[in-house]
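Okay, here's what each chain looks like letter by letter:
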Amino acid sequence: MHPSSVPALPRRDKIAILLSLSGVTLLAWASLLDMAAGMDKMPAMSMSSATQTLMVRVWTGRDFVLMFLMWAVMMVGMMVPTAAPMTLIYAAVARKADAQQNPVAPTGVFIAGYVAVWTLFSLATTAA
């Protein structure tokens, strides 16, 4: 589709989309900063003679969930902003399709799919 054939989004729609994406991004970054602040409570490495060894323990279900949440929040915080231009284009296309009585999925569904893909990536990364 040629860019000139896509109608411009109304200013209020652009603002709503950009504020929503910014809000999700800020929440993700706030969560990451909160997790980083809690890292000083992690167990320290033990010193054995002149060599340094890291105490490794088996993951519990809680460890898996927390690691998955860390990955998911991090990926959403970093990747959702990169989707802003495409989201605005999709919203304009969806608006035009709706005006032509040929509606497509709402913009929220478009973003939910994008977030779902990165969440699945986070799950695969945690499992690995």
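From a predicted model like this one, the values you see are computed outputs, not experimental measurements.

## Overview of the nonpolar core
Phase 1: Ranked by size, the top nonpolar core spans nine residues in total: Leu9, Ile17, Leu21, Val76, Val80, Ala84, Ala91, Ala92 and Ile111.
Phase 2: Elements that contribute at least two residues to this core include exactly helix H1 (11–37) and helix H3 (84–99).
Phase 3: Top contributing element to this core by residue count: H3, with three residues.
Phase 4: Once residues within four sequence positions are removed from consideration, Val76 is found in contact with Val24, Ala28, Pro81 and Val115.

## Concerning the confidence of the model for the chain
Phase 1: Looking at the chain, the pLDDT average stands at 81 and 82% of residues meet or exceed 70.
Phase 2: Of all helices and strands in the chain, the one with the weakest mean pLDDT is strand S1 (residues 46–48) (53), whereas helix H4 (residues 107–127) scores best (93).

## Here we look at the packing of aromatic side chains
Phase 1: A complete count under the given rule lists four aromatic pairs for this structure.
Phase 2: Measuring from centroid to centroid gives 6.4 Å for Trp59 and Phe64, while their planes differ by 70 degrees, and the two rings are edge-to-face.
Phase 3: Relative accessible area serves as the criterion here: at 45%, Trp59 is assigned to the partly exposed category.
Phase 4: On the numbers, 6.4 Å between centres and 80 degrees between planes, the contact of Trp71 with Phe121 is edge-to-face. Of the two residues, Trp71 is situated in helix H2 (residues 61–79) and Phe121 in helix H4; the sequence distance between them amounts to 50 residues.
Phase 5: Given the relative accessible area of 23%, Trp71 is considered partly exposed.
Phase 6: Overall, Phe121 belongs to the partly exposed group, its relative accessible area being 38%.

Parameters at a glance
Residues numbered from 1 in each chain as written. Predicted model: local features only at pLDDT ≥ 70, side-chain atom pairs only at ≥ 80, totals over all residues. Heavy atoms only, no water. Core = buried A, V, L, I, M, F, W, Y, C linked by side-chain atoms within 4.5 Å. Buried < 20%, exposed > 50% of the residue type's maximum accessible area, 1.4 Å probe, protein only. Helix = DSSP H or I, 4+ residues; strand = E, 2+ residues; numbered from the N terminus. Contact = heavy atoms within 4.5 Å. pLDDT = per-residue confidence, 0-100. Phe/Tyr/Trp six-rings, centres within 6.5 Å; stacked < 30°, edge-to-face > 60°.

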